[in-house]
Structures are given as structure tokens and as C-alpha cells.
Amino acid sequence: MHQIKQQIEALRQQLHEHNYNYYVLSQPMVSDQEFDRLMAELTALEAEYPEYADPNSPSVRVGSDINKSFMQVAHRYPMLSLQNTYSENEVSDFYNRVKKSLNEDFEIVCELKYDGTSISLIYEEGRLTRAVTRGDGQKGDDVTDNVRTIRNVPLILRGAQIPSYLEMRGEILMPWSSFDELNSERAAQEEPLFANPRNAASGTLKLQDSRVVAARRLQSFVYYMLGESLPRESHYENMTLARDWGLNVSSAMTRCQTLEEVFDYLHYWDRERKNLPVTTDGVVIKVDSLVQQRNLGYTSKFPRWAIAYKFNPEQAVTTLRSVSWQVGRTGAVTPVANLEPVLLSGTIVKRASLYNEDAIKALDLHLGDRVYVEKGGEIIPKITGVDKEARFLLGDRVTFTPVCPDCGTPLVRNEDEAVHYCPNSVGCPTQIKGRIEHFVTRKAMDITIGPESITLLYDKGLIRDAADLYSLRFEDLAVLERWGETSAVNLLKSIAQSKSVPYERVLHALGIRYVGETVARRLAHAFPDVGQLMEATVEELIAVEEIGDRIAQSVTGYFSDPASRNYIERLRAAGLQFNLNEKALAGRSEKLKGLTIVISGTFALHSRDEYKAMILQHGGKNSGSVSKKTDYILAGENMGPAKLEKAEKLGVKVIDEHSFLEMIGS
Ligand code: IVH
């Protein structure tokens, strides 16, 4: 028994060491495979011997789905914010005030102001014991389990002079790359998009399922140290030590001797921040000496020894003409502001997202209002405020439409969601047409028909759902306005061809909520016949890699509806593929088990989608971006130079299509 405990501890020790080498020193000492092997060994032992569990085991990085609401904890030191300014003059004022008050030499530390969600990391005897959100500054939410999954938050500090009680204040961020990926997944599933990486990061930290948090690849930066007995009397030196202990301190932190150097820093980063992988919204300017900080003290709200200079976001003022409501194929209704066109950051903006009812209420929006529009680092322009002074004729107040703009059904809003849904999924034309549009997309059934034709066929009563496509007749189509025989023949040919589309794409085409391309593929391989999938329980579904509770609930919910079963029966009767064909079954292997492969460039022998399918068919994992977890890059012509550079840096093997096909023995 004792031996097992030692073995577990040795593994943990090794993995902590490897994490440090990788994240802090950027000098991995072992391959990713070796790392994964050690991790697998550890998780297996921990599962077998739960009596040796440790909340700071490196294995917590994979997360767990134990549900609980967050506990509120009081901050030992309140979490303050900083005086903000957009003006360089106020930065000079700050500097001169400090100079006058101190009346002695002083140094300034300039840092980037990271735009994420603030966090307090508590380390006791060098071990992470708690992570708390800002909350109201006095008390916040205990999000320790979620924060433990963030790979550059060290679970155990290493090195000398670590105070026995230590609070590190910092920011949790979602890098742009993860943000874009997350939003495109959400767009594909018609889930509301996150407005910016900050909202995405704070939303993610509040998730119940830490496995989902782990998958979202958050990052941390720390910028402030608190405790009873700090090692040095200089902020800069303490932060430098913190870096040695394994914490992620920004390499942009710089000590400045003069106001001029401070301004150089501001100007430099106002340009360069656009190239950073995470969002920053300004620079924080701090007095370095802790003694001088104490002498300067605090106002009722802010420290007098620091100021935040915020970069100017690009903004424009325009008029709100109207608000329209968009219904998606899942019934989600999103408000869109129609604006008087205005130039912003080089593009003409005519529309802006209004997100949801709460956002509209918060703005107290009226038609005809002069509104501020911003693009600051965000994809969709947003309305950040209303110029209430400019109101002389008050237009109608904007209120959320109570009914579906398309079918008139009263909308529903679930209690803890901000989104309104049209519940009439079987009768709402926009939803029906949306589902058919999804069904025919290239990655689903690949039927060549555009949205206008779908609307036409729907309006003529020829199709009520996608299954009706398979009973269309030549004589129905050829007589349609502007159609003619050729279009009719072409459509029927394309529909007929879709009958050989493989099972996994048929599953994707069904449009089950959260079942995108990849999930559909996983499901198809785990349940090779749709009959098995229809009967699968939530537990059986969760047992499949990458399938979580949310997806499992959606799948079982879908198949428990008699209408869905009937729909599938009709599709099956039409001749669609509802099981993995023999070729796919026979061709399955585990040759790529445990390997993550990124596909890049264009290929001569097979399409990218075919390569994707092959990777999964042989038990591997396909990923979109190169990371430490990548084992191979399957590279074709014109592989992006950024990817290549990253691959070289991380030492990821790059293979061509011939070597890949050899690997899978084809
Ligand atoms: S120092 C007592 N440094 O901006 C001062 N804050 O309004 C503690 N932030 O609450 C904060 N980057 O959430 C500091 N380099 C940085 C920062 C930073 C981002 C955030 C933080 C803070 C807010 C200030």
C-alpha cells in the first residue's frame, strides 16, 4: 500500500516538474507522448486508489463534472480597482503628484492591463488552496476547481523565499484563438456568441463542469502580490520571484526611471498590443517600492500609487433606425440594431448585435437614439451607450418582441438563460427552412439547392421538412417559375446522390442541437447503427470520448420525441445511410490511437474532409490548431507559415500525405 502511495507521489512530482519546464522555462524535457503516458499512469492509479486523492495533483487539469454551485468567500484583502484614465495629461498629473508627495527618487513599473476577469490565487505553504473571483471586491466566488484546470496556473510553487501565506492577484483570459474557435462552434450550433474574450473567460470560469473549462484553454497572468511577509520591498522584484516560482508574470513588465520612458511604453504597446494573443485594454503604471506605496496610501476607492491608462477604443456615433429580430434554426431569437451607416475602423457599420433582452434594457434604448458604436477588438460591432442629451423627440422604447417575428408564437425565456426561443419548432417556417438549409449544406447532405429555392419549394407546399426532398418529382419542379427542365433534373440528381452520403454526415444533417460535424462522427463510430444511438442512455453517451452531459441530454431528448423517430423512419425509407457501411467498419483500426493530428494545406490524393474521416476511423483525434498536444501535422501544399513556425518551435513532426497513408496502412 505504502509503495503505491510513493509511486503516486513520484508521478505527481515528475509531472509538476514537466509542467514547470514546459510553461515557465519553455524547455520541455520530455515528449508530449511521454507526458501523456505519465499522466495516464497517474490517473489510472488515482482512480484505483481514491484514498490518495490530492486536489493539487497534476491530473486535476483534465477537470471533473461534479456539479455544485459556487461558495462565496470573503477576501482577506479587498480586491480594489484602479483609477482609470484615457488621457496622457492625467498620466503626467499622476506622475507629478507622486513626485511631490514622495519628495524623493522613485521608480515606476509599467505593465499591460490585461482585459480578462480578475482572480485571487491563494497559496498556502506553496500549494494552491483557493481561487476566488473579484465578486463585489469584499467577497467573491470560489472557483478553485475550474482554475485548477488552467495550465499556466501552478498548483504547487517551487523555489526559495515563498511566503507561507500568499495571495497572487491576476487575470484569467481567453486567448483570441480559443475565443474564435469557441464562437465558431457556437455559431454552428446557433448558440448565442460571446461578445468578447473577457465575457467568454468569465462565463467559462463560472461553468459547473470543469471538464468543459479545461477544454476552453484559458490562461492566467499575475500582476500583484499580497501577504504578511513578502520577500522583497520592490513590486518588480517580487513579481520576478513569482515568475521563478512558476507563476505567469508578463514579460512586458518594465521598470521605468522617467516619465518619458513611461510614455514610450504607452506608445509602443498601443501599437504592439494588436499582435498579442490575448486582449489588453491599457497600461497599468505603478510605483515600484512597497515602502513608497504604503506612504502614498489609498483614497476611499483606489491606491494612490497606481493608475490605469486605457487605450482608446475606436468609436463612432450614429442613429438607431430600427431593431429586427432574427430566428435561427433552433428557434433562438436575436435582436439586431439597424443603424444609419457609419465608418468605424475602416469598415462601414450598418448593423450591430444587441445580444438579448437584458442588454437592451441596460441601454434603455429608444428608436431614433444617437448611439455609440464600438469595435474594440470585437468581431461584431456593439452599441456601448446612448447619448441621452441628444434626445429631443423620444422615439418608442425598444422592447423585446413578445412573439416570434415569423410565426407569431409567444416566445419563451428559460429562467437562467438570457435567450428567447420560439417554441414552435415544428410549425415555425423560419426554423423549418433553417433546418432544411442545414440539412443540404456541403458538410451534411451536400445537396445543391440555395435558400431561395428552399423557400420557393416550401411556399408551394412541396416540402414541409427535409425528408420531403426525397419525394419530389420532376413534374413538380419543371413547372416552377424560372426553373425549367435542367434545374429540375440537376436538383433531383443531387438529391439522389445524397443517398450515398455516409451515416456520420447524415447524423450531422439531422441538426440535433450540439451535434456538429465532429460530434456526429464520434457518435457514428461509437454507435454504428442509428437504432443503437436511438436507444443509448445518457450514461452510455457520456462514456464516449468528447461527449459531455450537455450533448448527451440533447441527443436523448431528440430521440425521445416521436416526431424525430418518425422523421428518421421516413429518411431511412428514402434510402439514406443510417449505419456505418461495411467499408468504414472493416477499415476501422486503432493505428492512430492517442495521436492528435492537425491537417494543414491542400492535398493531391484525398480531400481534407476525407483525411479528417481517416484520422477518426483509425482512432486518432483531429484538431484545428497546433499546440503542445499535437503529435503530427499532416501537411499538404501551401501550409501556412505561422503553423510551420509553431510546429518547428514545438518540435511537432510534419508528415506528407504519403507518409500518413503509410501510417494507416493504406
Ligand atoms: S493592479 C490594487 N495590474 O484591472 C491594484 N490590475 O482597474 C490591483 N488589471 O482590478 C490591480 N491588468 O482586474 C493591476 N497589470 C495589472 C492589471 C490589472 C489588468 C485589472 C484588474 C484590476 C483592474 C484595475
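Refer to the structure above for everything that follows.
Here we summarise the structure given alongside this text.

### Let's talk about the pattern of salt bridges
Okay, step 1: By the definition in use, this model includes 36 salt bridges.
Okay, step 2: As a salt-bridge pair, Arg37 and Glu41 come within 3.1 Å of each other at their nearest N and O atoms. Of the two residues, Arg37 and Glu41 both sit in helix 2 (residues 32-48), 4 residues apart, roughly one turn of that helix.
Okay, step 3: Across the pair Asp209 and Arg211 runs a salt bridge, and its minimum N-O distance is 3.7 Å.
Okay, step 4: Residue Asp209 is classed as buried on the basis of its relative accessible area of 15%.
Okay, step 5: Taking relative accessible area as the criterion, Arg211 reaches 32% and is therefore assigned partly exposed.
Okay, step 6: What emerges from the salt-bridge pattern is a single network uniting Lys443, Glu504, Glu517, Arg521 and Lys612.

### Overview of the environment of Ile615
Okay, step 1: You can see Ile615 is positioned in helix 23 (residues 608-617).
Okay, step 2: Using a relative accessible area of 0% as the deciding quantity, one classes Ile615 as buried.
Okay, step 3: Here the alpha-carbon distance between Ile615 and Gln315, two residues 300 residues apart in the chain, equals 46 Å.
Okay, step 4: Discounting residues that sit within four places of it in the chain, Ile615 has contacts with Leu592, Ile597, Ile599, Gly620, Lys621, Asn622 and Phe660.

### Regarding the side chain of Gln617
Okay, step 1: In this structure, Gln617 sits in helix 23.
Okay, step 2: A residue is classified by how much of its surface remains accessible, and Gln617, at 18% relative accessible area, is buried.
Okay, step 3: Discounting residues that sit within four places of it in the chain, Gln617 has contacts with His525, Lys583, Ala584, Gly587, Arg588 and Ser589.

### Regarding the site of the ligand
Okay, step 1: Glu111, Lys113, Arg134, Glu171 and Tyr223 are the nearest of the 15 residues found near the ligand.
Okay, step 2: Ser118 is positioned with one of its side-chain polar atoms (N or O) 3.4 Å from an oxygen atom of the ligand.
Okay, step 3: Those elements that place two or more of their residues in the shell around the ligand are strand 3 (108-114), strand 8 (219-226) and strand 10 (280-287).
Okay, step 4: Looking at the shell around the ligand element by element, the count peaks at 4 residues for strand 3.
Okay, step 5: The residue makeup of the shell around the ligand, split by class, is 8 nonpolar, 2 polar and 5 charged.

### A short note on the packing of aromatic side chains
Okay, step 1: Enumeration according to the criterion identifies 14 aromatic pairs in this entry.
Okay, step 2: The interplanar angle of 55° and the centroid separation of 6.3 Å between the aromatic rings of Tyr265 and Trp269 together place this pair among those described as tilted. Taken together, the residues Tyr265 and Trp269, both in helix 9 (residues 259-272) and 4 residues apart, mark about one turn of the helix. No difference in accessibility class separates Tyr265 from Trp269, as the two residues are buried.

Each value, and the rule that gives it
- Residues numbered from 1 in each chain as written.
- Predicted model: local features only at pLDDT ≥ 70, side-chain atom pairs only at ≥ 80, totals over all residues.
- Heavy atoms only, no water.
- Salt bridge = Lys/Arg side-chain N within 4 Å of Asp/Glu carboxyl O.
- Helix = DSSP H or I, 4+ residues; strand = E, 2+ residues; numbered from the N terminus.
- Buried < 20%, exposed > 50% of the residue type's maximum accessible area, 1.4 Å probe, protein only.
- Contact = heavy atoms within 4.5 Å.
- Near = heavy atom within 4 Å.
- Polar contact = N/O pair within 3.5 Å; in protein donor to acceptor, adjacent residues only side chain to side chain.
- Nonpolar A, V, L, I, M, F, W, Y, C, P; charged D, E, K, R; others polar.
- Phe/Tyr/Trp six-rings, centres within 6.5 Å; stacked < 30°, edge-to-face > 60°.

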